[in-house]
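# Structural overview for review
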Amino acid sequence: MASLALQQPGAPQDQPGQPPAQGPEASPNTPVTQTPQERKQAFGLNADHEKSLIKIWKDHVEDWAIPRRNSLRTVLRHIEYDKGNQYINWDPFTTAYVSGQSAFQMPGQQGTENGNIDLANLYQCKFNIISWLKRNWISTFPVPGVEWWPGDSESDLDNRASQARGRSYQKIAFENKEKEFFERVLNSLFLTGSYFRYIRWSMDKDITGVKYEPTLGWQPKTIAPDRYTCPDCGADNPANQQTAMQGGTQCMNCGKPLNSAHFYPAATLNLPVVTGHREVPRGQVLWDAFSLLNVQVMPQANTNGGGVIANTPILDLQLDWTKGSLRRCYPGAWEELQQERAGGSGNQDGEIARIARMRARTPGQIRTTYISQNMPETHQVWFTPDSIAALDDHNKMQELMDLVTRNGAEAGCKALIFHDKIIDIQHDDVRKRWTWCGAAKDVGACPPAPVAVAMDFQDRINDRTNTIDEFHDRAGSPPLLYSKRMLGEGLNGKFLPPATLMGIDDNAEVGMDMTKAFFQPKFEMNDGIYKWVEELFQKVQLLCGIPPQVWGGSDPNVRTKGGQEQALKTARSTQQQYWNQLRGETVQAANLSVDCFAANATDDDYAVAKPDDAPDFQNEPIRLADLAGKADARPVAAEDYPIDYEQQREIFQQLIGMTSGREPNPLVMEMLDTYENRRIALRFVGPADMELPETAAHDKVLQDIQALLTSQPVPAMAPMTGPDGQPMIDPTGQPAMQQIMKPSVEPDQRFDSLDEVTVPTVMRYAMLHYKELRANPNGMQNLELYFDLAVQYAAKKKAAQGLLSTNAPGWQGRLGAPAVKGSPAGGPAAPGQ
């Protein structure tokens, strides 16, 4: 069932007179609440505008019809081969691939006396290497990792934003079954050369699940009971039925008599109370993967700059529905356009694309593809300002441009077209909803698929295996030729059982020996054909970049471990262009997905469970306020092909001496003095969920710095000290006091890692932001006072630790040196030993 992102009840509302805001997608559980005409009126679209948009759409798709048909034909052949249908021909009557024999049976063509074409008894064995290559090709790519970096690494808000966006993406990826989704896009990339990702917000409970929210009602509540209020002291005294009948009492506070004049009846008020709970669908970001069978863009779209999505004037998503799902999502649309439902998709190229989609999903090989009228097709078209500017009528163009302009920006719009009629329209920006990934750049939106190089090899391997099978059949049971002149039809149709005497009538007129009437040919084949099949198999693996080392095999010509590793490294190098494309699209989709989540999520706090391989399952919160900072997704540096994570980890461990037991390189240790470099190192030398011990302390210092820069020092009184550092005493015998300035936020002597984290973090921040600090004198002074206190506290803490650790046993050797038997705690041996 198809589904489209449209305004729903509960979505953010615009000001009166403005078009509806972007909301959750329309689905059977969240249908639109207006008729098509009402939704067009809300947008401001009249009949002339609708005709103009339809014309823009048709003009563009007709311009691209020829290259698109060529692409569809090529892609369909790849898909048929993957399905195992490898003896096929293109049928121009059905614009689809059909079996080779069906292609000869043209309508009206006469066959033999039996009504069939007399074809040779050809072998049609299928050694399907396309499907095998696809599986191995997909297995070479892990899911690209994404990490989030703050816009300003020293900003507490941006650091919290990077954490919140990272957790948000983890939630989105989990809900969309990231691994399964990645397999689908790799399948599309291998067979069609590209894929498109559609990102939107959904509140369809069948997909997103439900939650329960309390429902409120109004009920009268007593806010003040019956009481006597004392006129003297103002105290309230409880009143009950007995005291009211007696006419009064006395104040429990001051003892003054109270009577009916001081009586106040109970006060009630209607207050909201929880009366029950209601089921509410959850919201989540959804991903869908499509190939060029469903998505039409400008084939010549430039892949530079913003990429294919930013450089195509329109994007046409073609979806096949069931009649019931369309009726449930858009009540009234089917009935309103019922008279035109036989009109098809509105253009011939659309029908060809629809047939292609149907053929790709139809098992077996049938010549005719039947399309039911109960499966309507819609076109969800994104119009960009560039497409609208193509109108020759300047007045109409300007009117449409004004309609698609929102908040001062020309973002474009999205229209749902059904049988050449618009049934829904809203503002939307195609760059916020779609990403594209292709197998190559600078070749347009429909690059050659990686499987293309294997297609001819598939045919050749099939031909060679057919020849081998045919040879073995002929050699195992060769045909027997005989002279009809000598023997007539005596042996025709006779069974020749073993050890049986059968009488055959000789032809006396011939006068020849009967043995000369038989001849059995002998078939011979060069053994090189077996080797040729093997060579074809090796060559197609080489061209596709999938040598045996990738799928766990080995090359018999490579006899050393180093050679096998080198072959694997070379194979991964050939996948570099695909890997870079995949990583780039994943990062772009991550940014758009979290933007969609931040724009639509309404709960203040979301809980995200840690990954399954984490040591615990503690929930990590996502607070919407933290998403307000600046943070961007980047590819994980540890996954940069052709060096994989394990190789980089080994290099890093050798760099710091962990695997060799030698002393670490002093230059490396100096570089690891900064928190940022230590965080990078931890990715390679520790488990995935391990964090640096100083992470919490580092984040706390950044929070302190942000508070210091937005406030000023505060005055305080402190004891005066003399030159010897001892407290001074005033004439009264009390400690002498003086006024000093203290930071508005102080480091914590008990919990802060002062010498290890606080002092170096403040120093690094001051060096990186020295110019900004000079422009903020109060913040600069505040930070300096904070730094001085941190240094002072660190010195005291270090001195105290030194006293406690004097002569204490412990490790006193060198890093990487072996322990010496008999020394304290395994340290070096004592002198003389």
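Keep in mind that this is a model prediction, so the values were computed, not measured.

## So, the overall build of the protein
- Along the protein, the regular secondary structure elements total 27 helices and 29 strands.
- Counting every position in the protein, which comprises 833 residues, the buried fraction comes to 42%.
- The long-range share in the protein, meaning contacts at least 24 apart out of those at least 6 apart in sequence, stands at 72%.
- Per element, the accessible surface of the protein, about 45,700 Å² overall, is 52% carbon and sulfur.

## Overview of the packing of aromatic side chains
- Inspection of the entire model under this criterion finds 16 aromatic pairs.
- Judged by centre distance (5.6 Å) and plane angle (85 degrees), the rings of W382 and W434 are edge-to-face. Residue W382 is located in strand β17 (residues 377-383), and its partner W434 is located in strand β22 (residues 434-438); the two are separated by 52 residues in the primary sequence.
- Among the residues examined, W382 registers a relative accessible area of 1% and is labelled buried.
- Geometry around Y81 places R77 over its ring, the cationic atom sitting 4.8 Å from the centre.
- Directly above the aromatic system of F457 lies the positively charged group of R460, at a separation of 5.4 Å from the ring centroid.

## A look at the packing of helix α5 (residues 129-139) against helix α16 (residues 452-476)
- It is the contact of α5 with α16, at a shortest axis distance of 10 Å, that shows an interaxial angle of 140 degrees. What the angle tells us is that α5 and α16 run oblique. Of the residues in α16, those touching α5 at I129, I130 and L133 are A454, M455, F457, Q458 and I461.
- Residue composition of the contact of α5 with α16, grouped by class: seven nonpolar, one polar and no charged.

## What to know about helix α20 (residues 576-600)
- Along its 25 residues, α20 runs 36 Å from first to last C-alpha, staying within 8% of the 36 Å computed at 1.5 Å per residue.
- Most of α20 is tucked away: 18 of the 25 residues are buried.

## Structural notes on the pattern of salt bridges
- For the coordinates displayed, the defined rule picks out 23 salt bridges.
- Salt-bridge contacts for D59 lead to K55; the nearest nitrogen and oxygen are separated by 2.8 Å. Taken together, the residues D59 and K55, both in helix α2 (residues 47-63) and four residues apart, mark about one turn of the helix.
- One salt bridge in this structure joins E585 and R197, with 2.9 Å as the shortest N-O distance. Highlighted residues: E585 in helix α20 and R197 in strand β6 (residues 194-202), separated in sequence by 388 residues. Of the two residues, E585 and R197, neither departs from the other in class, the shared state being buried.

## Observations regarding a negative patch on the surface
- Together, D48, D392, D393, E399, D402 and E410 make up a region of like negative charge exposed at the surface.
- What makes D392 exposed here is its relative accessible area of 78%.

## With respect to the packing of α2 against helix α15 (residues 394-404)
- Relative orientation of the contacting elements α2 and α15 amounts to 95 degrees, with a least axis distance of 11 Å. Relative to α15, α2 is oriented roughly perpendicular. Across from H49, S52, L53 and I56 in α2, the residues of α15 making contact are K396, E399, L400 and L403.

Reading the values: rules and limits
- Residues numbered from 1 in each chain as written.
- Predicted model: local features only at pLDDT ≥ 70, side-chain atom pairs only at ≥ 80, totals over all residues.
- Heavy atoms only, no water.
- Helix = DSSP H or I, 4+ residues; strand = E, 2+ residues; numbered from the N terminus.
- Buried < 20%, exposed > 50% of the residue type's maximum accessible area, 1.4 Å probe, protein only.
- Contact = heavy atoms within 4.5 Å.
- Areas by Shrake-Rupley, 256 points an atom, 1.4 Å probe, with all protein chains shown as cover.
- Phe/Tyr/Trp six-rings, centres within 6.5 Å; stacked < 30°, edge-to-face > 60°.
- Lys NZ or Arg CZ within 6 Å of the ring centre and 35° of its normal.
- Axes fitted to C-alpha atoms, helices over the stretch in contact; angles between N-to-C directions.
- Parallel < 35°, antiparallel > 145°, perpendicular 65-115°, else oblique.
- Nonpolar A, V, L, I, M, F, W, Y, C, P; charged D, E, K, R; others polar.
- Expected span 1.5 Å × (residues − 1).
- Salt bridge = Lys/Arg side-chain N within 4 Å of Asp/Glu carboxyl O.
- Patch = residues over 30% accessible without salt bridge, like charges linked within 9 Å, V, L, I, M, F, W, Y side chains within 5 Å.
- Lys, Arg positive; Asp, Glu negative; His and termini not counted.
- Charge placed at Lys NZ, Arg CZ, Asp CG, Glu CD.

Remember, this is a structural readout, not a statement about activity or role.
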